[in-house]
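Residue strings, one per chain:
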Amino acid sequence: MPSIFVRRVFSPVVVSMVMFSSLLLLSGCGVRSLVQQQQAAEAVKIGDYATAEQQLKAVVAHNPGDWQTRLRLARVQLALDKPLDAQLNAEQSLAMHAVDNRRPPGTGVMAAPAFDEDDDGFLDTADIYDALGEALYRQGLRARLITLLQERATRTQTVRDFLRLAKYQSLVGDNDGADVALRKAMNIAPADDVTPYLHASRHYAHVGDIANAKESLYRAYYIAPGNYEVNERLRFYGVIPGPSIAVPPAPRQLR
């Protein structure tokens, strides 16, 4: 016959109290994580990256599977010039994000809204590759970097991924590779998107090819004559924006 002690421990009332206490504890951890993420965001705004790193590490310690916070941590570590730490967190974020995407809706880890002030409004896989690419580049891991970005761009066929590839190919001195990636981005970009041409202008300026840097801007001007950045860059080269400088983009190639 069960003892009084056992009966008391497993009574419905006690079990309910234990379950309720556990829910409160989990809820408290979730609220604390959100507060710490907000404190980290405020620290980033004022350039206090050391505090931001400390707060984000605390969140990750309580929520190891939170890919969004690991990505934010990687970005902060890049700002602190800790590329190896940033690489490790970005790689874990990438692996966790793949797992998170396979979960049924509503079963993911509790996390702050995936707001990304630096880009298109939300964190996604491309943001992880941005951080991981920069971390590898700063460590001088050029072959690994280019292989990673080439595989990504070949798989996704997106403008952003080809432009990222072109950026780092330019930085490591693979100018021919950068030119190919830029042309691919131009070929698949929406007709009103000047982004590939602005990137091309930067690339050609980087390698000292001012003629092509300016021509890229002429093509961008044809697409969006009212674009502020395009006009400012033209003026930087001493060119007065106007209809006479506009050059139509090259014909698109069939993919």
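Here goes a summary of the coordinates provided. (Residues numbered from 1 in each chain as written. Predicted model: local features only at pLDDT ≥ 70, side-chain atom pairs only at ≥ 80, totals over all residues. Heavy atoms only, no water.)

1. Section: the overall build of the chain
No. 1: Of the regular secondary structure elements, the chain holds 12 helices and 2 strands.
No. 2: Scanning the chain from its N terminus toward the C terminus, one meets helices and strands in the order α-α-α-α-α-β-β-α-α-α-α-α-α-α.
No. 3: Out of the 255 residues in the chain, the part that is buried amounts to 40%.
No. 4: When contacts within the chain are restricted to residue pairs at least 6 apart in sequence, those whose partners lie at least 24 apart make up 56%.
No. 5: Surface exposure of the chain reaches about 14500 Å², of which carbon and sulfur atoms provide 60%. (Helix = DSSP H or I, 4+ residues; strand = E, 2+ residues; numbered from the N terminus. Buried < 20%, exposed > 50% of the residue type's maximum accessible area, 1.4 Å probe, protein only. Contact = heavy atoms within 4.5 Å. Areas by Shrake-Rupley, 256 points an atom, 1.4 Å probe, with all protein chains shown as cover.)

2. What about unusual backbone geometry?
No. 1: In this model, Asp81 sits at a positive phi of 60 degrees, which is unusual for a non-glycine residue.
No. 2: On the secondary structure map, Asp81 appears in the loop between helix H4 (67-79) and helix H5 (83-101).
No. 3: Take Asp81: its relative accessible area is 54%, and that puts it in the exposed class.
No. 4: Of note in this structure, Gln157 is not a glycine but carries a positive phi near 55 degrees.
No. 5: Looking at the element boundaries, Gln157 is found in the loop between helix H7 (142-156) and helix H8 (159-171).

3. Some words on the packing of aromatic side chains
No. 1: Throughout the structure, instances matching the rule amount to 2 aromatic pairs.
No. 2: Between Tyr137 and Tyr168, the ring centres sit 5.6 Å apart and the planes meet at 55 degrees, which makes this aromatic pair tilted. Residue Tyr137 is located in helix H6 (residues 125-138), and its partner Tyr168 is located in helix H8; the two are separated by 31 residues in the primary sequence.
No. 3: Its relative accessible area of 2% is what places Tyr168 among the buried residues. (Phe/Tyr/Trp six-rings, centres within 6.5 Å; stacked < 30°, edge-to-face > 60°.)

4. Focus on the environment of Leu80
No. 1: Looking at the element boundaries, Leu80 is found in the loop between H4 and H5.
No. 2: According to the relative accessible area criterion, Leu80 is partly exposed, its value standing at 28%.
No. 3: Distance from Leu80 to Ala50, taken between C-alpha atoms, is 7.4 Å for residues 30 residues apart in sequence.
No. 4: Each residue touching Leu80, except ones within four places of it in the same chain, is listed here: Tyr49, Ala50 and Glu53.

5. Describing H4
No. 1: Across its 13 residues, H4 extends 19 Å between first and last C-alpha, which sits within 8% of the 18 Å expected from 1.5 Å per residue.
No. 2: Here H4 lies mainly inside the structure; 11 of its 13 residues are buried.
No. 3: Where H4 is concerned, the buried positions are Trp67, Gln68, Thr69, Arg70, Leu71, Arg72, Leu73, Ala74, Val76, Gln77 and Leu78.
No. 4: Sitting at the amino-terminal end of H4 is Asp66, which places a side-chain oxygen 3.2 Å from the backbone nitrogen of Gln68.
No. 5: Asp81 lies just past H4 and shows a positive phi near 60 degrees. (Expected span 1.5 Å × (residues − 1). Polar contact = N/O pair within 3.5 Å; in protein donor to acceptor, adjacent residues only side chain to side chain.)

6. Observations concerning the pattern of salt bridges
No. 1: Inspection of every chain in the model, using the stated rule, returns 18 salt bridges.
No. 2: Across the pair Glu42 and Lys45 runs a salt bridge whose closest N-O atoms are separated by 3.7 Å. With Glu42 and Lys45 both in helix H2 (residues 12-45), this residue pair falls 3 residues apart, about one helical turn.
No. 3: For Glu42, a relative accessible area of 37% corresponds to the partly exposed category.
No. 4: Its relative accessible area of 56% is what places Lys45 among the exposed residues.
No. 5: For Asp130, the salt bridge goes to Arg160, with nearest N and O atoms at 2.5 Å. Highlighted residues: Asp130 in helix H6 and Arg160 in helix H8, separated in sequence by 30 residues. (Salt bridge = Lys/Arg side-chain N within 4 Å of Asp/Glu carboxyl O.)

7. Brief notes about the packing of helix H3 (residues 49-62) against H4
No. 1: Running from amino to carboxyl end, H3 crosses H4 at an angle of 155 degrees, the nearest separation of the two axes being 9 Å. Considering their axes alone, H3 and H4 lie roughly antiparallel with respect to each other. Remark: the crossing between H3 and H4 carries left-handed chirality. For the pair H3 and H4, contact is made by Tyr49, Ala52, Glu53, Leu56, Lys57, Val59 and Val60 and by Thr69, Arg70, Arg72, Leu73, Val76, Gln77 and Ala79, respectively.
No. 2: Of the residues belonging to the contact of H3 with H4, the class tally is 8 nonpolar, 2 polar and 4 charged. (Axes fitted to C-alpha atoms, helices over the stretch in contact; angles between N-to-C directions. Parallel < 35°, antiparallel > 145°, perpendicular 65-115°, else oblique. Left-handed = near helix turned anticlockwise from the far one by under 90°. Nonpolar A, V, L, I, M, F, W, Y, C, P; charged D, E, K, R; others polar.)

8. Considerations on the environment of Lys214
No. 1: Among the structural elements, Lys214 can be located in helix H11 (residues 210-223).
No. 2: Accessibility expressed as a relative area gives 24% for Lys214, which makes it partly exposed.
No. 3: The spacing of Lys214 and Arg233 is 19 residues in sequence and 8.7 Å in space, taken between C-alpha atoms.
No. 4: Not counting residues up to four positions away in its chain, the partners in contact with Lys214 are Tyr237 and Val239.

Keep in mind these values describe shape, not function.
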